[in-house]
Amino acid sequence: MEPLEVFAANVRRLREERSLTQERLAELSDLHMTDIARIETQGRDPGVKVIVKIARGLKCPAGRLFEGIDFSSPG
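Here the residue numbers are simple positions, counted from 1 along each chain's written sequence. Reporting in this predicted model follows two pLDDT cut-offs: at least 70 for local features of residues, and 80 or more for side-chain atom pairs to be given and counted; totals over whole chains, interfaces and linings ignore these cut-offs and use all residues. Hydrogen atoms and water are omitted, and side-chain values are computed over all heavy atoms in the structure.

Quick look at the nonpolar core now. Among the nonpolar cores identified, the biggest contains 16 residues, and Val11, Ile54, Leu58 and Leu65 are the most heavily contacted of them. Counting from the N terminus, the helices are the DSSP runs of H or I reaching at least four residues and the strands are the DSSP runs of E reaching at least two. Elements represented by at least two residues in this core include exactly α1 (3-17), α2 (22-29), α3 (33-40) and α4 (48-58). Top element by residues in this core is α4. It accounts for five residues. We call a set of buried Ala, Val, Leu, Ile, Met, Phe, Trp, Tyr and Cys residues a nonpolar core when their side-chain atoms join them within 4.5 Å. Throughout this description, buried means an accessible area under 20% of the type-specific maximum (1.4 Å probe, protein chains only), exposed means over 50%, and partly exposed covers the range between.

Now the structure itself:
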């Protein structure tokens, strides 16, 4: 899987584990719901500020959003 695909899946999984809607996660993250939807569908490649906001909204370390990404291979 591509890194963005893994990241998107992690955001969705962590959101669903917390029984949050995209709208509620957006509120908690100080983002717009369409931002969360686009991130989860790989339509947006978020920067560091957005990643930190999402991690805060999910109440988890930002590193959890990167679990499963192979950092040893290019791409």
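The subject of this paragraph is the packing of α2 against α3. Between α2 and α3, whose axes approach to 8 Å, the crossing angle comes to 115 degrees. In terms of orientation, α2 lies roughly perpendicular with respect to α3. Between α2 and α3 lies a crossing whose hand is right-handed. For the pair α2 and α3, contact is made by Gln22, Glu23, Leu25 and Ala26 and by Met33, Ile36, Ala37 and Glu40, respectively. For this scheme, ten residues count as nonpolar: Ala, Val, Leu, Ile, Met, Phe, Trp, Tyr, Cys and Pro. Four count as charged, namely Asp, Glu, Lys and Arg, and the remainder, Gly too, count as polar. Taken together, the residues that form the contact of α2 with α3 break down as five nonpolar, one polar and two charged. Axes here refer to lines fitted to C-alpha atoms; in helices the fit is confined to the stretch in contact. Angles between the N-to-C directions go from 0 to 180 degrees. With respect to orientation, any angle under 35 degrees is reported as roughly parallel, any angle over 145 as roughly antiparallel, any angle of 65 to 115 as roughly perpendicular, and every other angle as oblique. Handedness of each helix crossing follows the sense of rotation of the near helix against the far helix: counterclockwise by less than a right angle gives left-handed, clockwise gives right-handed. Any two residues whose heavy atoms approach within 4.5 Å are treated as being in contact.

Before going further, it helps to spend a moment on unusual backbone geometry. Despite not being glycine, Ser19 has its phi angle at roughly 55 degrees, a positive value. Its place among the elements puts Ser19 in the loop between α1 and α2. Judged by its relative accessible area of 68%, Ser19 falls in the exposed class. The phi dihedral of Gln42 falls on the positive side, at around 65 degrees, and the residue is not glycine. Along the chain, Gln42 falls in the loop between α3 and α4. A relative accessible area of 38% places Gln42 in the partly exposed class.

Relative to the assigned elements, Glu40 resides in helix α3. We call two N or O atoms a polar contact when they sit within 3.5 Å, provided that within protein one can donate a hydrogen and the other can accept it, with sequence-adjacent residues counted only if both atoms are side-chain atoms. Here Gln22 takes part through its side chain, which lies 2.8 Å from a polar atom of the side chain of Glu40. Sequence-distant contacts of Glu40, that is, excluding residues within four places in its chain, are made with Ala8, Val11, Arg12, Arg15 and Gln22.

Time to look at the pattern of salt bridges. Every case where a carboxyl oxygen of Asp or Glu lies within 4 Å of a side-chain nitrogen of Lys or Arg is listed as a salt bridge. What the rule picks out here adds up to 10 salt bridges. Across the pair Arg12 and Glu40 runs a salt bridge, and its minimum N-O distance is 3.2 Å. Residue Arg12 is found in helix α1, and its partner Glu40 is found in helix α3; the two are separated by 28 residues along the sequence. With a relative accessible area of 32%, Arg12 lands in the partly exposed category. Ionic pairing is found between Glu67 and Arg64, a salt bridge with its closest N-O pair at 3.6 Å. When its relative accessible area of 39% is taken as the criterion, Glu67 is described as partly exposed. Judged by relative accessible area, Arg64 falls into the partly exposed class, the value being 26%. Residues joined by salt bridges that share partners form a network here, namely Arg13, Glu17, Arg18, Arg64 and Glu67.

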